[in-house]
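Analysis of the macromolecular model
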Amino acid sequence: MSKATKKTTDTKSKKTTANHNNESAELITNQRGQILQEYGTVIRLPIGLERAVCLKSAEALNQVLADTITIRDMYKKHHWQVAGPTFYQLHLLFDKHYEEQNELVDLLAERVQRLGGIALAMAADVAEETKIERPPRGREEVPVQISRLLEAHEIILKESHKYADEADKSGDDGTNDVLVSNIIRTNERQVWFIGEHLVDVPIVEAD
Ligand SMILES: [Fe+2]
């Protein structure tokens, strides 16, 4: 008997027994099954793009996704751990940027799926793929927090410019649009908002 046939027969007999014992509402837990689609592959969807183009775009978007999940989580870390006289404004600003990055995460992941690919999702997998330096678990000073964020933004911006150009050349307008209209614009604006905190201006008395 083939594996597939055996599974069907087993499931049928389980269901019959369950119904017979008036236990049809019993949960069937601890289930595992086959992988429907491996990570790093694409299925063909009728979206007017060649499979090779979708594969290349999905790979690029997954890199931006890994880095976007990482900067999103770094914003939350800093939101919790920020200290000093600018605590309140940075506490709020870091959380605002976290929310905006969280929206980008969903946009990127769903773009990968729409191309027929598989979006990276779990923290351990993200940690293996991101290009952003891992910060320590402990609390750091504000200028260090902001420096880390600026560096992370620049990694995302550099790769997004490169991938947007490649998507444009291969005719993947949707990917180019997500990268330019959403990723690049949002990251540039966030760089401005946090970067201004590293300008060393007098607070009370002018120079
Ligand atoms: Fe909070």
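Everything quoted here is computed from the prediction, not taken from an experiment.

1. What to know about the overall build of the protein chain
Secondary structure summary: the protein chain contains 6 helices and 0 strands in total. Order of helices (α) and strands (β) in the protein chain, N terminus to C terminus: α-α-α-α-α-α. Looking at the protein chain as a whole, 38% of its 207 residues are labelled buried. Excluding contacts between residues fewer than 6 apart, the proportion of contacts in the protein chain whose partners are at least 24 apart in sequence is 79%.

2. Focus on the pattern of salt bridges
Taken as a whole and judged by the stated rule, the model has 11 salt bridges. Note that K56 is salt-bridged to E166, the shortest N-O span being 3.8 Å. Of this pair, K56 sits in helix α2 (residues 51–81) while E166 sits in helix α5 (residues 142–169), placing them 110 residues apart in sequence. Residue K76 is joined to D95 by a salt bridge in which the shortest nitrogen-to-oxygen separation is 2.7 Å. With K76 in helix α2 and D95 in helix α3 (residues 87–114), this pair connects stretches of sequence that are 19 residues apart.

3. Remarks on the layout of surface pockets
Considered as a void within the structure, the largest pocket measures approximately 430 Å³ in volume. As for the largest pocket, its lining consists of 17 residues, and the residues nearest its centre are T70, D73, A127, R134 and P135. For the lining of the largest pocket, the element with the most residues is α2, which contributes 6 residues. Class assignment of the residues belonging to the lining of the largest pocket gives a composition of 9 nonpolar, 3 polar and 5 charged.

4. Looking at the nonpolar core
Ranked by size, the top nonpolar core spans 40 residues in total, and within it L65, F94 and I183 carry the most contacts. Examining the composition of this core, we find that 12 residues originate from one element, α2, more than from any other. For F94, the residues in contact, after removing those within four places along its chain, are Y75, H78, H79, V82, Q145, I146, L149 and I194.

5. Quick notes on unusual backbone geometry
The residue N30 is not glycine, and still its phi comes out positive at about 55°. Residue placement: N30 occurs in the loop between α1 (3–20) and α2. Assessed through its relative accessible area of 74%, N30 is described here as exposed.

6. Focus: a nonpolar patch on the surface
Together, F87, Y88 and L92 make up a nonpolar patch on the protein surface, roughly 320 Å² of accessible area in all. Structurally, the position occupied by Y88 is in helix α3.

7. Quick notes on the confidence of the model for the protein chain
Per-residue confidence for the protein chain averages 92 on the pLDDT scale, and 89% of its residues sit at or above 70. Predicted confidence is poor over residues 1–9, with pLDDT under 50, and the contacts of this stretch with residues over four places away or in other chains come to 2 contacts.

8. Observations regarding a negative patch on the surface
Together, E99, E103, D106 and E110 give the surface a local cluster of negative charge. With a relative accessible area of 42%, D106 lands in the partly exposed category.

9. Section: α3
For α3, spanning 28 residues, the distance from its first C-alpha to its last is 40 Å, which sits close to the expected 40 Å at 1.5 Å a residue. Positive backbone phi, approximately 95°, marks G116, located one or two places after α3.

10. Let's talk about the environment of E99
Assignment of secondary structure puts E99 in helix α3. As for E99 and Y75, which are separated by 24 residues in sequence, their C-alpha atoms are 9.1 Å apart.

11. Description of α5
The end-to-end C-alpha separation of α5 is 41 Å, in line with the 40 Å expected for 28 residues at 1.5 Å each. Positive phi shows up at G171, right after α5, with a value of about 85°.

12. Some points on the environment of L92
Along the polypeptide, L92 turns up in helix α3. In this structure L92 comes out as partly exposed when scored by relative accessible area, which is 44%. Note: C-alpha distance between L92 and H79 (13 residues apart in sequence) is 7.2 Å.

About the criteria used
- Residues numbered from 1 in each chain as written.
- Predicted model: local features only at pLDDT ≥ 70, side-chain atom pairs only at ≥ 80, totals over all residues.
- Heavy atoms only, no water.
- Helix = DSSP H or I, 4+ residues; strand = E, 2+ residues; numbered from the N terminus.
- Buried < 20%, exposed > 50% of the residue type's maximum accessible area, 1.4 Å probe, protein only.
- Contact = heavy atoms within 4.5 Å.
- Salt bridge = Lys/Arg side-chain N within 4 Å of Asp/Glu carboxyl O.
- 1 Å grid on protein atoms, 1.4 Å probe; cavity = no way out; pocket = protein on both sides within 12 Å on 5 of 7 lines; lining within 4 Å.
- Points joined across faces, edges and corners; volume = space filled by probe spheres on them.
- Nonpolar A, V, L, I, M, F, W, Y, C, P; charged D, E, K, R; others polar.
- Core = buried A, V, L, I, M, F, W, Y, C linked by side-chain atoms within 4.5 Å.
- Patch = residues over 30% accessible without salt bridge, like charges linked within 9 Å, V, L, I, M, F, W, Y side chains within 5 Å.
- Areas by Shrake-Rupley, 256 points an atom, 1.4 Å probe, with all protein chains shown as cover.
- pLDDT = per-residue confidence, 0-100.
- Lys, Arg positive; Asp, Glu negative; His and termini not counted.
- Charge placed at Lys NZ, Arg CZ, Asp CG, Glu CD.
- Expected span 1.5 Å × (residues − 1).

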